[in-house]
Amino acid sequence: MAKMAGLGCEPVVGSLAPSKKREYRVTNRLQEGKRPIYAVVFNFVDSRYFNVFATVGGNRVTVYQCLEGGVIAVLQSYIDEDKDESFYTVSWACNIDGTPFLVAGGINGIIRVIDAGNEKIHKSFVGHGDSINEIRTQALKPSLVVSASKDESVRLWNVHTGICILIFAGAGGHRNEVLSVDFHPSDMYRIASCGMDNTVKIWSMKEFWTYVEKSFTWTDLPSKFPTKYVQFPTFIASVHSNYVDCNRWLGDFLLSKSVDNEIVLWEPKMKEQSPGEGSVDILQKYPVPECDIWFIKFSCDFHFNAAAIGNREGKIYVWELQSSPPVLIARLSHIQSKSPIRQTAMSFDGSTILSCCEDGTIWRWDTVATS
C-alpha cells in the first residue's frame, strides 16, 4: 500500500477567494423530469459534436445541443424498456466507422450501447453482477470503454464487437463498490479506479494488449472470447480515509475526491521492483465546501485547464488546475439552485458549464465577455 510522503512536502491548498478570472452567468435552466439526473457529459470524442451533450436520469438517456445565446435544443431521447432502470452514468464513444455511440449503465448492471445515428440499441453488455457506477471512453481508441461496478470489478469492453476483453478484479482488486474509473490521457495501457474501499488503484493492460487488439478482429461469438482477469494493480494508494467517488488523470498525476470537501492532486511514485508498492506525494488541494456526500463527480475541459465541481447546496466551484497555489476561477451560485449537483460538464474550451441535479434540473452557465 502506497504511503504518504514525509514532512516538508506539505500540499499547497487553494484559497476560496474567487479570482474572477472568468465570470459565468446562468443562461438556461431545464426541468428534465422528477427523477435525479446523475450524469451529464459533452462529446469530446468527435470534433463535429463538441457542443452536444447527454444526460441520464431514471430510465432515460437524453441528447442535447448547446446553441448560441444559452439555447439548449433536445436532439433525441432514448427510454429503456425497463421502467425500473435507473442510469447512473453515460459516456460518448464511437464505432470504428465513426458513428457516435452513447454508452449508459446503472442499477440493472446492463450496459446499453445506443447508436446515436439511428437512436437504436447497438448492443447490450451483460456481465457485471451489480449496478454500474461509471463508464469512461478511451480517447485515443474511442471504441474502447471501461466500466466500474458495485460488483467490485472494472471491465474493459469493445463497443464495436461487444466483447468483454479484460476484467480488473481478484486478489489485488477492489474490496467494495468501484465508483469511478479513468483512462490515462496519453498512455494507452493505464487506467485508474477508485471506490468504497477508500483506495485508488492503477492498473496496466500492457501485457494483455494482444487481447485488446484481438477484440477488433474477433469473428466468433463475443461469449467465446478468452476474456482475461487482471488480478493485480501496479499501484495502490490510500490518499483518502473515506469513499473515493471520482478520479481523473491530470497527465501522470491524479485528481481524486472523497467526502472531505476537497479535490486532491497527487503523484503516484512507483517502485519498479515491487508492483503495488510505492509512495504518494500529495501536491495540491482544491477546497469544495459542503461537498461531504458521496457520488458527486467533477469534470474538466478538454485541455485540463480547469475543473468544475458542484456541491450538495447547488453551488459550483471552478478551479484552475495547472496553477500553484490553486486559483479559484469562479464560485457559481443561483438563488433557485439548491439541490445537490451530481455532476458537471465543462465544454471543450471551458466557456460553458453544465450541472445536473438531484431535483431533475439541468443548469447552463456561460462565460460573460469582459469588456
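Below, the structure is looked at part by part. (Residues numbered from 1 in each chain as written. Predicted model: local features only at pLDDT ≥ 70, side-chain atom pairs only at ≥ 80, totals over all residues. Heavy atoms only, no water.)

## Some thoughts on the overall build of the chain
Condition: Only DSSP runs of H or I reaching four residues or more are called helices, and only runs of E reaching two or more are called strands; each is numbered from the N terminus. The size measure is the radius of gyration over C-alpha atoms, and the globule rule it meets is 2.2 Å times the number of residues to the 0.38 power. Exposure is judged per residue with a 1.4 Å probe applied to protein chains only, and the accessible area is read against the type maximum: over 50% gives exposed, under 20% gives buried, and values in between give partly exposed. For this analysis, residues touch if any pair of their heavy atoms sits within 4.5 Å. Here the Shrake-Rupley method, with its probe set to 1.4 Å, supplies the accessible areas, and only the displayed protein chains count as covering residues. Charge counting follows a simple rule: Lys and Arg are positive, Asp and Glu are negative, and His as well as the terminal groups are ignored. In this description, the location of a charge corresponds to atom NZ of lysine, CZ of arginine, CG of aspartate or CD of glutamate.
Helix and strand counts for the chain come out as one helix and 31 strands. Taking 21 Å as the expected radius of gyration for a compact globule of 371 residues, we find that the chain reaches 20 Å, a close match to that expectation. If you line up the chain on its principal axes, its C-alpha atoms span 60 × 55 × 35 Å. In the chain, which comprises 371 residues, the proportion classed as buried is 56%. Counted over contacts in the chain with a minimum sequence separation of 6, partners at least 24 positions apart contribute 56%. Summing over all exposed atoms, the chain offers an accessible surface of approximately 15100 Å²; the carbon and sulfur share of this is 50%. For the chain, the separation between the mean place of its 37 positive charges and that of its 41 negative charges on side chains is 1 Å.

## Considerations on the packing of aromatic side chains
Stated formally: Pairs were defined over the aromatic rings of Phe, Tyr and Trp, the Trp ring being its six-membered one, requiring ring centres within 6.5 Å. Orientation was assigned from the angle between planes: stacked under 30 degrees, edge-to-face over 60, tilted for the rest. Sitting over a ring, as applied to charges here, requires NZ of Lys or CZ of Arg to be within 6 Å of the ring centre and within 35 degrees of the ring normal.
For the coordinates displayed, the defined rule picks out 18 aromatic pairs. Between the aromatic rings of Phe50 and Phe302, the centroid separation amounts to 6.0 Å while the plane-to-plane angle is 45°, which identifies the pairing as tilted. Here Phe50, found in the loop between strand E4 (37-42) and strand E5 (52-57), pairs with Phe302, found in the loop between strand E25 (299-300) and strand E26 (306-310); they are 252 residues apart in sequence, far enough to count as distant. Exposure remark for Phe50: the relative accessible area of 21% places this residue in the partly exposed category. Residue classification places Phe302 among the partly exposed residues on the basis of a relative accessible area of 33%. What links up through ring pairs into an aromatic cluster is the set Tyr38, Tyr88, Tyr243, Trp294 and Phe295. The residue whose ring lies beneath Lys297 is Phe295, and the NZ or CZ to ring-centre distance is 4.7 Å.

## A closer look at the sheet that holds strand E7 (residues 72-79)
Applicable threshold: For two strands to pair, DSSP has to find at least two bridges joining them. What counts as an axis is a line fitted to C-alpha atoms, over the stretch in contact for a helix, and the angles between N-to-C directions run from 0 to 180 degrees.
On the basis of which strands lie adjacent, the open sheet formed by four strands has the order E4-E5-E6-E7 and antiparallel pairing. The open sheet is flanked by E4 and E7, the only strands paired with a single partner. The sheet shows a mean angle of 20° between the axes of neighbouring strands, taken without regard to direction. As defined by bridge partners, strand E6 (residues 60-66) adjoins E7 across seven bridges and the pair is classed as antiparallel. When the sheet's bridge partners are listed, Val63 is paired in E7 with Gln76.

## Some details on the sheet that holds strand E10 (residues 111-115)
The four strands are arranged E8-E9-E10-E11 in an open sheet whose pairing can be described as antiparallel. Looking at which strands have only one partner, the edges of the open sheet turn out to be strand E8 (87-94) and strand E11 (120-125). Strand-to-strand, the axes of this sheet are offset by a mean angle of 25°, without reference to chain direction. Here five bridges tie E10 to E11, and the two strands are oriented antiparallel to one another. Directly across from Val113, in E11, lies its bridge partner Lys123.

## Description of the state of the cysteines
Rules: Sulfur atoms of two cysteines make up a disulfide when they are within 2.5 Å.
Taken as a whole, this structure holds zero disulfides when the rule is applied. You can see Cys300 has no disulfide; the closest cysteine sulfur is in Cys246, sitting 8.1 Å from it. Residue classification places Cys300 among the buried positions, given a relative accessible area of 11%. Take Cys357: it sits in no disulfide, and the sulfur closest to it among the cysteines is that of Cys356, at 6.6 Å. With a relative accessible area of 1%, Cys357 lands in the buried category.

## Quick notes on the pattern of salt bridges
Just so we agree on the cut-off: Salt bridges are counted wherever a side-chain nitrogen of Lys or Arg sits within 4 Å of a carboxyl oxygen of Asp or Glu.
All chains considered together, the criterion is met by 17 salt bridges. With a shortest N-O distance of 3.7 Å, Lys285 and Glu262 are connected by a salt bridge. Of this pair, Lys285 sits in strand E24 (residues 278-287) while Glu262 sits in strand E23 (residues 262-270), and the two are 23 residues apart along the sequence. With relative accessibility at 22%, the residue Lys285 sits in the partly exposed group. Between Glu313 and Arg312 there is a salt bridge whose closest N-O contact spans 3.9 Å. By relative accessible area, which is 30% here, Arg312 ends up partly exposed. Within this structure, Asp292, Arg312, Glu313 and Lys315 form a network of salt bridges that share partners.

## Some thoughts on the environment of Asp97
Quick reminder of the rule: Counting of polar contacts relies on pairs of N or O atoms within 3.5 Å, with two restrictions inside protein: one atom must be capable of donating a hydrogen and the other of accepting it, and residues adjacent in sequence are counted only when both atoms are side-chain atoms.
Within the secondary structure layout, Asp97 lies in the loop between E8 and strand E9 (100-106). The exposure class of Asp97 is exposed, given its relative accessible area of 58%. In sequence terms Asp97 and His160 are 63 residues apart; their C-alpha atoms lie 9.4 Å from each other. Looking at Asp97, its side chain comes within polar contact range of the side chain of Thr99, at 2.7 Å.

Keep in mind that these numbers describe shape and distance, not what the molecule does.
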